[in-house]
Each structure stands twice: as C-alpha cells, then as structure tokens.
Amino acid sequence: MVRILLVGSGGREHSIADVLARSEGVELYSYMSSLNPGISNLSKEYVVGNVKELGAIEKWALSKKVELAVIGPEAPLEKGLADALTAKQVKVCGPTRNASRIEWDKAYARKLMQELNMRECARFVATNNLKEAAEFIDSLNGAVAVKPAGLTGGKGVKVVGSQLKDGEEAKAYAKEVLESSIGGLAEVVVEERLEGEEFTLQAFVDGTNVIGMPLVQDHKRAYEGDMGPNTGGMGSYSYPDHLLPFIQEADKEDALEAMRKVVRALASKEGAYNGILYGQFMAGKEGVKLIEFNARFGDPEAMNVLPLLKSDFAELAFGIAEGALGEKKAKFSSKATVCKYLVPEGYPSKPIKNQPVEVDVGAIKNAGARIFYASIDERDGKLYSLSSRTAAVVGIASEISEAEQAAENACSFVKGKLFHRRDIGTASLIERRIKHMKELRG
Ligand code: AMP
Ligand code: GLY
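Cut-offs used in this document
Residues numbered from 1 in each chain as written. Chains lettered and ligands numbered in written order. Predicted model: local features only at pLDDT ≥ 70, side-chain atom pairs only at ≥ 80, totals over all residues. Heavy atoms only, no water. Near = heavy atom within 4 Å. Polar contact = N/O pair within 3.5 Å; in protein donor to acceptor, adjacent residues only side chain to side chain. Areas by Shrake-Rupley, 256 points an atom, 1.4 Å probe, with all protein chains shown as cover. Helix = DSSP H or I, 4+ residues; strand = E, 2+ residues; numbered from the N terminus. Nonpolar A, V, L, I, M, F, W, Y, C, P; charged D, E, K, R; others polar. Pairing = 2+ DSSP bridges. Phe/Tyr/Trp six-rings, centres within 6.5 Å; stacked < 30°, edge-to-face > 60°. Buried < 20%, exposed > 50% of the residue type's maximum accessible area, 1.4 Å probe, protein only. Core = buried A, V, L, I, M, F, W, Y, C linked by side-chain atoms within 4.5 Å. Contact = heavy atoms within 4.5 Å. Axes fitted to C-alpha atoms, helices over the stretch in contact; angles between N-to-C directions. Parallel < 35°, antiparallel > 145°, perpendicular 65-115°, else oblique.

Enquirer: Honestly, the site of ligand 1 in this entry has me stumped. Any pointers?
Expert: Neighbouring ligand 1 are 16 residues; E191, L194, E198, Q280 and E292 lie closest to it. One nitrogen or oxygen atom from the side chain of K147 is found 2.9 Å from a nitrogen atom belonging to ligand 1. One of the backbone nitrogen or oxygen atoms of E192 is found 3.1 Å away from a nitrogen atom of ligand 1. Out of a free accessible area of 480 Å², ligand 1 has 93% covered by protein chains. At the level of secondary structure, the elements contributing two or more residues to the shell around ligand 1 comprise β7 (144–148), β9 (188–192), β16 (274–284) and β17 (287–294). Of the residues belonging to the shell around ligand 1, the class tally is six nonpolar, two polar and eight charged.

Enquirer: Is there a simple way to think about the sheet that holds strand β19 (residues 356–359) in this case?
Expert: Hydrogen bonds between backbone atoms are what pair the strands of a sheet, whose relative direction is either parallel or antiparallel. Spatially, four strands are ordered β21-β22-β19-β24 in an open sheet, and the strand pairing comes out antiparallel. Strands at the two margins of the open sheet, each flanked by one partner only, are β21 (376–379) and β24 (414–415). Of the pairings in the sheet, the one linking β21 to strand β22 (residues 382–385) comprises four bridges and is antiparallel in character. Note that in β22 the partner of E378 across the bridge is L383.

Enquirer: What is the right way to look at the packing of aromatic side chains in this model?
Expert: The description of an aromatic ring pair uses the distance of the two centres, along with the angle that the planes make with each other. Taken as a whole and assessed by the stated rule, the structure comprises seven aromatic pairs. Aromatic side chains Y237 and Y239 sit 6.3 Å apart centroid to centroid with 65 degrees between the ring planes, which places their arrangement in the edge-to-face category. Each member of the pair, Y237 as well as Y239, carries the same accessibility label: buried. Here a set of aromatic residues connected by ring pairs shows up, and it is made of Y29, Y31 and W60.

Enquirer: Got a minute to help me understand the nonpolar core in this structure?
Expert: Side chains of nonpolar character tend, in soluble globular proteins, to be buried together. In terms of nonpolar packing, the biggest core is built from 95 residues, with L5, I102, F199, Y237 and F281 touching the most fellow members. The greatest single-element share of this core, amounting to eight residues, is contributed by helix α10 (residues 249–269). With sequence-adjacent residues up to four places away left out, L5 is seen in contact with Y29, Y31, I57, W60, A61, V66, L68, A69, V70 and L85. Core analysis: the second largest hydrophobic core is formed by 33 residues, I16, L28, L68 and A321 among them.

Enquirer: Would you take a moment to explain the site of ligand 2 for this structure?
Expert: Lining the immediate surroundings of ligand 2 are D218, K220, G232, Y278, N294, R296, G298, D299, P300 and E301. At a separation of 2.9 Å, a nitrogen atom of ligand 2 approaches a polar side-chain atom of D218. Contacts to ligand 2 include N294, whose side-chain N or O atom sits 3.3 Å from an oxygen atom. For ligand 2, the protein covers 93% of the area, taking 200 Å² as the surface of the free molecule.

Enquirer: Just to check I follow, could you spell out the packing of helix α7 (residues 106–115) against α10 for this structure?
Expert: Pairs of packed helices are described in terms of their axes, by the angle between the two and the distance that separates them. Taken N-terminus to C-terminus, the directions of α7 and α10 make an angle of 105 degrees; their axes are 11 Å apart at the nearest point. One way to sum up the angle between α7 and α10 is to call them roughly perpendicular. Together, Y108, L112 and E115 of α7 and V262, A265, L266 and K269 of α10 make up the contact between the two elements. In terms of residue class, the contact of α7 with α10 is built from five nonpolar, no polar and two charged.

Enquirer: So what exactly am I meant to see when it comes to helix α12 (residues 313–322) here?
Expert: An α-helical segment advances 3.6 residues per turn. Residues three or four places apart therefore align on the same side. Taking burial as the measure, the 10 residues of α12 include eight buried ones, the bulk of the element. Of the positions making up α12, those classed as buried are F313, A314, L316, A317, F318, G319, I320 and A321. At the N-terminal end of α12, a side-chain oxygen is found 3.0 Å from the backbone nitrogen of A314, two or three residues along, and the residue is D312. Looking one or two residues past α12, G323 carries a phi angle of roughly 70 degrees, positive in sign.

If you want it as structure tokens, here you go:
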C-alpha cells in the first residue's frame, strides 16, 4: 500500500481524493480545515486542523509514514509546506514556496513575464506608489483592472466597468489596497483591461515537462448573466474535444507555450516547479493574454477535468514529484462536463451559514452527475452549510447540452438555503460567448 497525504477540504480536494482513491493500492490520509464528508469517506484516516500550520501537518504526515503529499490549496504552498515535507523525504506534488510565488505575488508574476518579453503579458504597473498607479490609470483612460499583489481568495480583483465605475474609483481602490495592505503584500498591480473570452488551462508539471489538460471556462461572477460580485467561481464547463467552441487549438498551444516559458524561468530562478500549474487566459483580438497563474488546480476547474482522467492520478502525482513525467501519459475521456456550485443564500458578501442541507446521492448519480462537497460540515450524520461554496454537482455526458441538463437535474436533489447559476453551460450562454469572439476576431 502506498500512503498519500492530501491537504485541503474544498470541492477541488474532494475531486482529487476521488481520483486518488481510484488508484490501485493507495491509502489516503487527509488533512482538512473542515470536515468534508466526501473526503473523510474516502480516507483511511483524517485530521481536521489548520492547513497553514506546517509543524502539525508535518508531524502527522511523518507519524503516518506517507510517501507522497498532494497539496490542494494555495495557502499552505505560500507558507512553504512543500519545502517542509521535502526536507523530511516526503515526495510532494505541489511547488515550493519560491516556485509558487507565481501565484502568491501577482507583481512577481507580471515582472517575470515582462523580463521574458512575453507577448501574453498585459501592460501593467506594479508599485507601492499611489501616484505611479494613478498616472498609469490615467494613461489608459481608466480602462484597467486593479489587483492586490498578494492572495485574496479570488475576491481582491476589481475591474473598471464591472466592480469599479471609472478611473477615479480605480484610483480610490488602489489607494485602499496600499493603505490597508489588502492581500498582505506591499504592492498593487494595475493592468490594462483585457477584452475577450476567458479560459483556463491546467497542466501537470514535473520541473521540466508541461502536460496540458482539457480547457475549461469558469464563471467568477455570483449571478446569472455574469452579474454581481466576484466569487471563488460559480461553475464551469468543458467540451468533448478538450477545446472550447470559441477557442482554437492555436490559442491552447500559445497558452501552453507561455506556461512552458514560465516553468523554465522558474526552474532557473527559484528551483524546479513540481506541481499543477493553472493559467487563466483571455483570448481576444490580439491573441491570448494571461490573467493570472495559480500554483494548483482551479476550484471548480479541477472538478471538470479530474472525473475525465483515464490515467492513474497517483502515478502522475509521483511523476510530478520525482521529475519523471517524461514517459507518462495523461489521457482524458472525450466527454463534456458542466459543473455548478451550490452556494449559501447571500454568498459571497453575507452568506447565511449553518443551514441544514439534504443530498440525494443516488438520484444525482441516476441523473448522470456527481457531487463534490466543499464548505459543508457533517454533524450527527447531518449536513450543514458553512459560509463558503457548499457543494458542486458535475454533469458528464457526450454532449454539453446533456451534461448541462444532468447538472441542473442534480441541483434539484440538493436541498437547502442555497442558490446556483442556472445559466452555466446552457446553449444561450455559450452562443453569446461565440458571438462575442466573432465580433472581436472577425
Ligand atoms: P482573478 O482573481 O485574477 O482570477 O481575477 C478575477 C476576474 O477578474 C477574472 O476572472 C477576470 O474576469 C477579471 N480580470 C482580471 N484581470 C483582468 C484584466 N486585466 N482585464 C479584464 N478582466 C480581468
Ligand atoms: N477558479 C479559479 C481559481 O481556482 O482560482
């Protein structure tokens, strides 16, 4: 038996636990910040504790004699969990603190791309000087995105035309970011506002080899029609050909090449990157531009790709950790997926918590879907929502329309004070995306 540690407790980690549990001869040991009933059911043993307390995780991992650790979320990567475990001879699928800086310091990521002269880099300034930020905002007539450099759980970015009205509001937000140190780092990043359609490319990286996964489109905004505040992601879909109907093979190749460049640069500057690399891109008139890198699977995007994985995930994770992906293959089924997150009423600003949730797992399965638990607690055999995204359902089928219907049906078998975006994966939403791209690219 191979003992594997999984760190994290969200929907993403439930889907990672699911593929690890499918691997033959694997025993799963899970360290979670809240008791995810999906993960605990798949684990030989688990602990509920703070995933940023490296000492406690390390001690437990060593006492359980785990051989490999898979780190789900960004916070323990930033703290240096991969470094700590590697120092104790545990193999790790997850980059070191220095290599994961590509996610936890957006100023660093931009400056690295600029140094490499990458076409995919948006125009930007990264500064702790408000005057410099304001001048840049004016120079772009206020068409900007303002981002704290540090981690904000996906909720720190504000874009003029969406969360910000104009350049003046952009300046006021840049001031707030600097004065209140939002994200915990000293700089604010101001970027040109990119126009186009977003897509996510996730890749397995072993320090050298970069193996891409199917493309996914996530939905950051809380409400239907892409309205409302930004969230961690309300749902996502993918196509059987592993592209998107408005994204060409050439766009995917560009994105993959950009990721290879960054992996090579990180290897020489920070030491090898061994983990999952996530690129969020905007495809538009001028080709593909980077929105952000993450040093881990996306949440929800992991739940689109992992259920399609035909290869053995534990083998891939060892390959990533050992720098030995070269001869390994990652195969995915040619199916469509639609993932919809059920979230508490009031999410993200005023979520109502501690509400009972009832799930009919059998009916969800019969509907052609899966459920992955996230911010949910199990007490006395009953489920209760917490304050973040509650659970995700994923419809999987030959056609996107069927996958969407399956996900929608599955949502009706999760009862509680929850809501979800019914438009994710629907024909009308996707048609809009295709039309938008035609307008941009002709
Ligand atoms: P992030 O937290 O970096 O994923 O950003 C949240 C959302 O803000 C993204 O999904 C985009 O929709 C939007 N965004 C971020 N950067 C830009 C940009 N430079 N131009 C336009 N939209 C952006
Ligand atoms: N879905 C966006 C993220 O995981 O950051």
